[in-house]
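The lines below spell out each chain.
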Amino acid sequence: MSKMGIGLQMYTVREAANSDMEGTLRQIAEMGYEGVEFAGYAGVPADRMRELLDELKLTAIGSHVNLDNLINDLHGEIAYLKTIGAAYAIIPYVGEEVRESTATWEALFERMRSIGQTMKENGLTLCYHNHAFEFDLKIDGEYVFDAMYTKIGADLLQVEIDLGWVQYAGEDPLAYIAKYAGRLPLLHLKDFREGPKDQPIDTVELGEGDLSLLPIIEAAGKAKVEWIIVEQDRCTNPPLESVRTSREWLKANYK
């Protein structure tokens, strides 16, 4: 079982990163994170970002790229990713207009094939990051989450599972890790406390919530996951404090 890298999704510390990307990255590196997954670049030019990452010995895992940007500025996004040495472009979210029907999802799948092909031609890999809504609708008897990967080839689309949302949707995280073994390079490790379904998900630091994290980490290693990526949608504590707490939990529990 190969050692997985430990990364941070920068969306968790978005306010700090937007006001001081360089200082925030320095703190993330000092905490012991090995890589970062971006969610915007706070205006930092790609060449400068590459210099900074090299200095801090941080790997650019990839970036969550808004679907509109992938449609309207695909080659610009690719150029930035290639400059910083990232391997993955991840669709992080789709709006309600995409989620209306099977037809709108199918139209997205067609567009994703095209984007994935261009990514492949440029030595990059397209991934998709789930929430819970991909488990609300079925296409040809499969949840949208699964239909997406059935209908788009593995050479054009890889999996980034957010396990907090999988469990929130009522599905088994371990079963989903096993199902996509070999096609699952990126895994978002997110903990949350179950609350009323009409309330926003209460994401918490690793080890503070309801997910069985140690079996999940073990299963991820067996599934050849490359990167465990810490993410917290909303932090009750200061976000930089929260990601430090999660990193310390991983140091204690994943050697």
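The following refers to the structure shown. Quantities reported herein were computed from a predicted structural model and do not represent experimental measurements.

As for helix H7 (residues 144-151)
Most of H7 sits out of view: 6 of its 8 residues are buried. Restricting attention to buried positions, one finds in H7 the residues Val 144, Phe 145, Asp 146, Ala 147, Met 148 and Tyr 149. Looking at the buried positions of H7, the neighbouring elements they touch are helix H6 (102-121), strand S5 (125-129), strand S6 (138-139), strand S7 (142-143), strand S8 (158-162) and helix H9 (173-179).

Regarding the sheet that holds strand S3 (residues 59-64)
Spatially, the 8 strands close up into a barrel ordered S1-S2-S3-S4-S5-S8-S9-S12, and their pairing is parallel. Taking the axes of each pair of neighbouring strands and ignoring which way they run, one obtains an average angle of 25 degrees across the sheet. Two strands pair when backbone bridges link them, and strand S9 (residues 186-189) and strand S12 (residues 227-230) are joined in this way by 4 bridges, in the parallel orientation. Its bridge partner being in S12, Leu 186 is matched across the sheet by Trp 227.

Remarks on the layout of surface pockets
A volume near 540 Å³ is recorded for the largest pocket. Listed by contribution, the elements that provide at least two residues to the lining of the largest pocket are S3, helix H4 (67-72) and H6. Broken down by element, the residue count for the lining of the largest pocket peaks at 4 residues, all from H4. Taken together, the residues of the lining of the largest pocket break down into 11 nonpolar, 9 polar and 6 charged.

A short note on the side chain of His 64
Looking at the secondary structure, you find His 64 in strand S3. Owing to a relative accessible area of 10%, His 64 belongs among the buried residues under this scheme. Only 3.1 Å separates the side chain of His 64 from the side chain of Glu 37, close enough to count as a polar contact. Excluding residues within four positions of it along the chain, His 64 makes contact with Gln 9, Glu 37, Phe 38, Ala 39, Gly 40, Ile 90, Pro 92, His 129, Glu 160 and His 188.

Considering the pairing of S12
The alternating pattern of S12 places Trp 227 and Ile 229 on one face and Ile 228 and Val 230 on the opposite face, and all of these are buried. Here strand S1 (residues 5-9) runs beside S12; their pairing, made up of 4 bridges, is parallel. When the sheet's bridge partners are listed, Ile 6 is paired in S12 with Ile 228.

About the criteria used
Residues numbered from 1 in each chain as written. Predicted model: local features only at pLDDT ≥ 70, side-chain atom pairs only at ≥ 80, totals over all residues. Heavy atoms only, no water. Buried < 20%, exposed > 50% of the residue type's maximum accessible area, 1.4 Å probe, protein only. Helix = DSSP H or I, 4+ residues; strand = E, 2+ residues; numbered from the N terminus. Contact = heavy atoms within 4.5 Å. Pairing = 2+ DSSP bridges. Axes fitted to C-alpha atoms, helices over the stretch in contact; angles between N-to-C directions. 1 Å grid on protein atoms, 1.4 Å probe; cavity = no way out; pocket = protein on both sides within 12 Å on 5 of 7 lines; lining within 4 Å. Points joined across faces, edges and corners; volume = space filled by probe spheres on them. Nonpolar A, V, L, I, M, F, W, Y, C, P; charged D, E, K, R; others polar. Polar contact = N/O pair within 3.5 Å; in protein donor to acceptor, adjacent residues only side chain to side chain.

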